[in-house]
Amino acid sequence: MTTETTIGIGGGAEGTDMVLNIGPQHPSTHGVLRLRLTLEGERISHAEPVVGYMHRGAEKLFEARDYRQIVMLANRHDWLSAFSNELGVVLAVERMLGMEVPQRAVWTRTLLAELNRVLNHLMFLGSYPLELGGITPIFYAFTEREELQHVMEEVSGGRMHYMFNRVGGLKEDLPGGWLGRARQAVAKVRSRMEVFDQLVLGNEIFRGRTRGVGALAPRIIHAYGVSGPLARASGVDFDLRRDEPYLAYGELRGTLKVVTRTAGDCLARFECLLEQTHNSLDLADACLDRLAELPPGPINQRLPKVLKAPEGETYAWTENPLGINGYYLVSKGDKTPYRLKLRSASYNNIQALTELLPGTLVADMVAILGSFFFVVGDIDK
Amino acid sequence: MITTAAQAADSLAAENLTMFGTDPWWLIAIKAVFCFAFAMLTVLFSIVWERKVVAWMQLRIGPNRHGPWGMLQSLADGVKLMLKEDLVVKGADKVVYILAPIVSAIPAFMAFAVIPFGPADDEISVFGTRTPMQLTDLPVGVLYVLAVASVGIYGIVLAGWSSGSTYPLLGGLRSTAQMISYEIAMGVAFASVFLYSHSMSTSQIVAAQQSRWYILLLPVSFLIYIVSMVGETNRAPFDLPEAEGELVGGFNTEYSSIKFAMFMLAEYVNMVTVSAIATTLFLGGWRAPWPLSTVWAGANHGWWPLLWFTIKIQLLLFVFIWLRGTLPRMRYDQFMKLGWKVLIPVSVVWLMLVASVRALRNENYTFQSVLLYVGGAGLAMLLLSLVVDVFLDRARRSAPPLRGGAPEPFDPMAGGFPVPPLPGQTLPPVPRRRPRGERQLVSTAENTNGEEGNGA
């Protein structure tokens, strides 16, 4: 079979496409996501995300670890929301055991989960402008992150992988005077958030690059199981914290605000993320208030030496910073789970790129990719 | 009209460039070396300056290891680049690939030949020979600058093409379009300066700004030039040919070692060059700034002009750095729109205005009637643009808002758990990789046969 082809791009090259590999090493994929784009000029005619460069077999490893060790594995796949990942596992195991968690632990978990959400969102609030060529905001985001990481570090000893959750509660009680320092840190971060409100969101070039770009229709959201701020930016009003409250979110109903937009474009996604950060700071404050009122008490349960979940299955899902994070736990009554299926937010979210990218420009591709707020570890597990 | 022509002829005849071209050969050599050294030193300084200023804007410290305050950082970087391995990629067109950085770097320096560093009337003395503080001047000095600047662009375009790789190709293509559209606006901005100075020679243009700098007389031209000079030098927010986040490095992706250093050098020398031109054409060149020039008579004589000139260049370089520190990159098509739909029309209309004011003045109309005519024309333009805006807005509002259609009544979370679609509801097709035989995919370079290369 012989085929005649002309090489080149532009108007004279119809029928022959240029294949552009974005990644696995590319500045805008922050990690090792690979996109295989077929281009006509600068317009993308076909896009295919190639995932799995960082697959670490987390689900298989879960099956060889006991329930205490799983927490350590589980907080690694999405390294920007380690605390929330741990939470999913321990919630699942606690549910299997029918275990009641002390009140202090519930509120502290809620607080730390919200602080973790702010940390995660700040990362993307900084890195998104960076992908659009604005090199400054990320340094401001990191300054704010530093404030919060200090208080997180004081509690858990870790800056990224906290390992603070335990089945039945938390590792240990909060250090003395920590509540005040945490409150200060939250206030400091809140006072400087207007850098993003005004300088990033108010920038005319930024708006020009994001408004109307990569509009995600609710139909695609539903079809691909997109969740988190991405889904809410397209008007899919679904947030587990409100719709199926876990931890103390049921009691925080007054403070919790589910941020939604209808446009579904990159700007809406960024706005959602930004406003959600503000709301998370408010939630953290509310948790701090409540924690100060709580009577002293234990922060975890005494566990047996060998922790075995009874035979059965359960599905625990949480509203992680990037979307819905779920653990489907099947136990045969052993020390280790028979199967622990991990549903990570980014994996589902980026699949929608196949629908969204064709027809856009390479420059828009970067804007869209950045606004999908994914962590490659969360995709590849 | 006869008077106008006569006046114009007079002023053209008054253009006196006889003091140039009389230097002995050794003085010419010294001046040429000085121009080169001036550009190089300014580049070395401005790289450190840029990194320091950007660091300051980003709450960082910036380079501080090499020399006092890290002042030797750029020198160290340059040495490091020279010592790196020089790669020539397999798919590259070797001759053009090596030629491109040279084509890019040399013209950047050449423009300095006609930049006046000081007064033209033999103010300074070098080894006993009195000479103007300028290498040379031409009756068409500014046109020479424009011509040389556009040769430099070939370096980038050729680099993009000859690398035989995808990202550089896209970068080179972007660069081509960018240069074409921004040189027009730049040229028209220059034309209004020529109308006022009656000359295209750089020394004459500075001489004509004795009483008033052209930034005050021609503010619109100045703004247009500032925008197009950022576009011309590929600097943020117009750094599309490089576009780090999109095209990795754009045209210089495949370059390393000394060739990459040449591109770096060319970019920064170009920044210095366009700043020098902006200074010469709009900021009074080597002249001392206003309050100083009135209180100190000697400010514009001897070697002092060199200082004012350098300060003005540094201020303009700061503007470049400031832009880089604050603004995100524009999108390619928006950038082209800015060039063709805003800068070029505005600069042409402004040129018409300037020309009509000059003509009315030459016909001895009073200031008030000039104001009336020009102001009336300006007002009419504003009204017209208002009407156009109204229509555009209406058209925009009637456009459909979302791609992908209205939401269907399928609720995947019905009852709180994920559910499959009900009968009658459909999911979009599951994405599958296309069969390999369906479409012939061709990479840009030969011999770079990857997994999806020529169907082999």
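Residues numbered from 1 in each chain as written. Chains lettered and ligands numbered in written order. Predicted model: local features only at pLDDT ≥ 70, side-chain atom pairs only at ≥ 80, totals over all residues. Heavy atoms only, no water.

This next bit is on the overall build of chain B. Counting its regular elements, chain B contains 15 helices and two strands. When contacts within chain B are restricted to residue pairs at least 6 apart in sequence, those whose partners lie at least 24 apart make up 76%. Accessible area for chain B stands at about 23400 Å²; split by element, carbon and sulfur atoms hold 70% of it. (Helix = DSSP H or I, 4+ residues; strand = E, 2+ residues; numbered from the N terminus. Contact = heavy atoms within 4.5 Å. Areas by Shrake-Rupley, 256 points an atom, 1.4 Å probe, with all protein chains shown as cover.)

Once that is clear, we can look at the confidence of the model for chain A. Across chain A, pLDDT averages 85, with 94% of residues at or above 70. Note on residues 6-15 of chain A: pLDDT under 50 across the span, and 14 contacts to partners over four residues away in sequence or across chains. (pLDDT = per-residue confidence, 0-100.)

Now for helix α14 (residues 332-362) of chain B. Residues and elements named next belong to chain B. For α14, which comprises 31 residues, the first-to-last C-alpha distance of 43 Å matches the rise-based estimate of 45 Å (1.5 Å per residue) to within 8%. Along its length, α14 reaches its greatest deviation from straightness, about 30 degrees, at L343, and the proline P345 lies no more than four positions downstream. A positive backbone phi angle near 65 degrees is found at N364, which sits one or two residues after α14. (Expected span 1.5 Å × (residues − 1). Bend = angle between axes of the 7 residues up to and from the residue.)

So, on to the packing of aromatic side chains. Counting across every chain of the model gives 31 aromatic pairs over all chains. Both rings, one in F124 of chain A and one in F373 of chain A, keep their centres 5.6 Å apart while their planes meet at 65 degrees; by these two values the pair is edge-to-face. One end of the pair, F124 of chain A, is in helix α4 (residues 103-131); the other, F373 of chain A, is in the loop between α15 (362-371) and α16 (376-380), and 249 residues separate them in sequence. Each member of the pair F124 of chain A and F373 of chain A is classed as buried. Ring centres 5.8 Å apart and planes at 50 degrees place the aromatic pair Y315 of chain A and W317 of chain A in the tilted group. For W317 of chain A, a relative accessible area of 7% puts it in the buried group. A cation sits over an aromatic face here: R241 of chain A above Y249 of chain A, 5.9 Å from the ring centre. In this arrangement the basic side chain of R60 of chain B is found over the ring face of F139 of chain A, its NZ or CZ atom lying 4.6 Å from the centre. (Phe/Tyr/Trp six-rings, centres within 6.5 Å; stacked < 30°, edge-to-face > 60°. Buried < 20%, exposed > 50% of the residue type's maximum accessible area, 1.4 Å probe, protein only. Lys NZ or Arg CZ within 6 Å of the ring centre and 35° of its normal.)

All names here are of chain A. Here we have three strands laid out as an open sheet, ordered β6-β7-β8, and antiparallel in their pairing. Each edge of the open sheet is held by one strand with a lone partner, namely β6 (312-320) and β8 (339-343). Sheet twist, expressed as the mean angle between neighbouring strand axes with direction ignored, is 10 degrees. Packing of helix α3 (residues 82-97) onto the sheet brings it into contact with β6 and β7 (323-331), and relative to β6 it is tilted by some 150 degrees. (Pairing = 2+ DSSP bridges. Axes fitted to C-alpha atoms, helices over the stretch in contact; angles between N-to-C directions.)

Turning our eyes to something else, we now look at the sheet that holds strand β2 (residues 34-40) of chain A. Taken in spatial order, the three strands line up as β1-β2-β3 (chain A) in an open sheet, and their pairing is antiparallel. Bordering the open sheet on either side are β1 (18-22) and β3 (43-50) of chain A, each of which pairs with just one other strand. When the angles between neighbouring strand axes are averaged without regard to direction, this sheet yields 20 degrees. As paired elements, β2 of chain A and β3 of chain A share seven bridges and run antiparallel to each other. Looking across to β3 of chain A, one finds that L35 of chain A is bridged to P49 of chain A. Contacts between α15 of chain A and the sheet are confined to β1, β2 and β3 of chain A, with β2 of chain A contributing the most and set at about 150 degrees to the helix. Lying on the sheet, helix α6 (residues 166-197) of chain B is in contact with β1 and β2 of chain A; it crosses β1 of chain A at an angle near 110 degrees.

Here we take up the pattern of salt bridges. Residue and element names in this part refer to chain A. Scanning the model with the defined rule gives 35 salt bridges over all chains in all. Salt-bridge contacts for E147 lead to R192; the nearest nitrogen and oxygen are separated by 3.3 Å. With E147 in helix α5 (residues 137-156) and R192 in the loop between α6 (178-191) and α7 (194-200), this residue pair connects regions lying 45 residues apart in the sequence. Residue classification places R192 among the partly exposed positions, given a relative accessible area of 31%. The structure contains a network of salt bridges with shared partners spanning E114, R117, R232, D239, R241 and E319. (Salt bridge = Lys/Arg side-chain N within 4 Å of Asp/Glu carboxyl O.)

Turning next to the environment of S280 of chain A. Residues and elements named next belong to chain A. Within the secondary structure, S280 sits in helix α12 (residues 266-293). As a C-alpha pair, S280 and N116 span 164 residues in sequence and 9.3 Å in three-dimensional space. Each residue touching S280, except ones within four places of it in the same chain, is listed here: E114, R117, V118 and R241.

Turning next to the nonpolar core. One finds L37, L115, W178, F196, M365 and F372 of chain A to be the most contacted residues of the largest nonpolar core, which totals 125 residues. Top contributing element to this core by residue count: α4 of chain A, with 13 residues. In contact with F196 of chain A, not counting residues within four places along its chain, are L122, L125, G126, P137, Y140, A141, L201 and L274 of chain A. Membership of the second largest hydrophobic core comes to 72 residues, among which are V145, A189, L218 and V357 of chain B. (Core = buried A, V, L, I, M, F, W, Y, C linked by side-chain atoms within 4.5 Å.)

With that settled, consider the pairing of β6 of chain A. Note that β6 of chain A and β7 of chain A share nine bridges and pair antiparallel. Looking at β7 of chain A, one finds that A316 of chain A is bridged to Y327 of chain A.

Residues and elements named next belong to chain A. For α15, the buried fraction is high: 10 of the 10 residues fall into the buried class. Within α15 the residues assigned to the buried category are V362, A363, D364, M365, V366, A367, I368, L369, G370 and S371. The positive-phi residue at the C-terminal boundary of α15 is F373, with phi of around 40 degrees.

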